[in-house]
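So you can see what is in the structure, the chains are spelled out below.
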Amino acid sequence: MTEAARIKYLRVALVAVGLTFTFGIWPLGIVWPSGWVWHESGRSEYLEMILGIYATLGVFLMLAARDPMAHRSLIWFTVWSSIVHGGIMGIQAVTNTRHIGHLWGDVFALLAVAGVLAVLTPRQASITK
């Protein structure tokens, strides 16, 4: 894949992930709470905090889509924080089987986001003389 094609797909991925982080987590929690909401009964301050953090990250990922190479540190933060967050949730889901649905919900989604962004993000800017 050429670098130009890679960046084109990266831009699409950044917008898709950004939109999902900004607008998609709350509806996913309503439609599939056992896969997306960790504290399901009543009002959840935890969920409100997660929604705020991910919505903010989503907006910045959409902004990064304009010039991904100038925002590589944000993209790599998203990759590594998604791996860490998904890994911790995966361990929690396996050790507490009432959360096992999360393996196919938010755990899988975070690891998929990390994988897609990692594959599409160039490691360094092209140097032209």
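Residues numbered from 1 in each chain as written. Predicted model: local features only at pLDDT ≥ 70, side-chain atom pairs only at ≥ 80, totals over all residues. Heavy atoms only, no water.

Before going further, it helps to spend a moment on the side chain of His102. With respect to the helices, strands and loops of the structure, His102 is situated in the loop between helix 4 (72–95) and helix 5 (106–120). The exposure class assigned to His102 is buried, which follows from its relative accessible area of 1%. In terms of polar contacts, His102 uses its side chain to reach the backbone carbonyl oxygen of Gly35, at 3.3 Å. Those residues in contact with His102, other than ones at most four positions away along the chain, are Pro33, Ser34, Gly35, Trp36, Val37, Trp38, Ala93, Val107 and Phe108. (Helix = DSSP H or I, 4+ residues; strand = E, 2+ residues; numbered from the N terminus. Buried < 20%, exposed > 50% of the residue type's maximum accessible area, 1.4 Å probe, protein only. Polar contact = N/O pair within 3.5 Å; in protein donor to acceptor, adjacent residues only side chain to side chain. Contact = heavy atoms within 4.5 Å.)

With that settled, the discussion passes to the nonpolar core. In terms of nonpolar packing, the biggest core is built from 24 residues, with Leu10, Leu14, Phe21, Tyr54, Leu61 and Leu117 touching the most fellow members. When contributions to this core are tallied by element, the ones reaching two or more residues are helix 1 (3–31), helix 3 (45–64), helix 4 and helix 5. If one sorts the elements of this core by residue count, helix 5 sits on top with 7 residues. (Core = buried A, V, L, I, M, F, W, Y, C linked by side-chain atoms within 4.5 Å.)

Relative orientation of the contacting elements helix 1 and helix 5 amounts to 155 degrees, with a least axis distance of 9 Å. Relative to helix 5, helix 1 is oriented roughly antiparallel. In this structure, helix 1 meets helix 5 at a crossing whose hand is left-handed. Here Arg6, Tyr9, Leu10, Ala13, Leu14, Val17 and Phe21 of helix 1 come into contact with helix 5, specifically with Leu110, Val113, Val116, Leu117, Val119 and Leu120. Split into classes, the residues belonging to the contact of helix 1 with helix 5 amount to 12 nonpolar, no polar and 1 charged. (Axes fitted to C-alpha atoms, helices over the stretch in contact; angles between N-to-C directions. Parallel < 35°, antiparallel > 145°, perpendicular 65-115°, else oblique. Left-handed = near helix turned anticlockwise from the far one by under 90°. Nonpolar A, V, L, I, M, F, W, Y, C, P; charged D, E, K, R; others polar.)

Here we take up the packing of aromatic side chains. As enumerated under the stated definition, the model contains 1 aromatic pair in all. Seen from their ring centres, Phe21 and Tyr54 are 4.8 Å apart, and the 80 degrees between their planes marks the pair as edge-to-face. With Phe21 in helix 1 and Tyr54 in helix 3, the pair connects residues that are 33 residues apart, well separated along the chain. Tyr54 shares its class with Phe21; the two are buried. (Phe/Tyr/Trp six-rings, centres within 6.5 Å; stacked < 30°, edge-to-face > 60°.)

Since the α-helix turns once every 3.6 residues, residues separated by three or four places project in the same direction. With 15 residues, helix 5 extends 21 Å between its outermost C-alpha atoms, agreeing within 8% with the 21 Å of an ideal straight helix rising 1.5 Å per residue. Where the residues of helix 5 are buried, they touch helix 1, helix 2 (33–36), helix 3 and helix 4. (Expected span 1.5 Å × (residues − 1).)

This part is about a nonpolar patch on the surface. On the surface, Trp26, Ile30, Val31, Trp32 and Trp104 cluster together into a nonpolar patch covering about 660 Å² of accessible area. Tracing the backbone shows Trp32 in the loop between helix 1 and helix 2. (Patch = residues over 30% accessible without salt bridge, like charges linked within 9 Å, V, L, I, M, F, W, Y side chains within 5 Å. Areas by Shrake-Rupley, 256 points an atom, 1.4 Å probe, with all protein chains shown as cover. Salt bridge = Lys/Arg side-chain N within 4 Å of Asp/Glu carboxyl O.)

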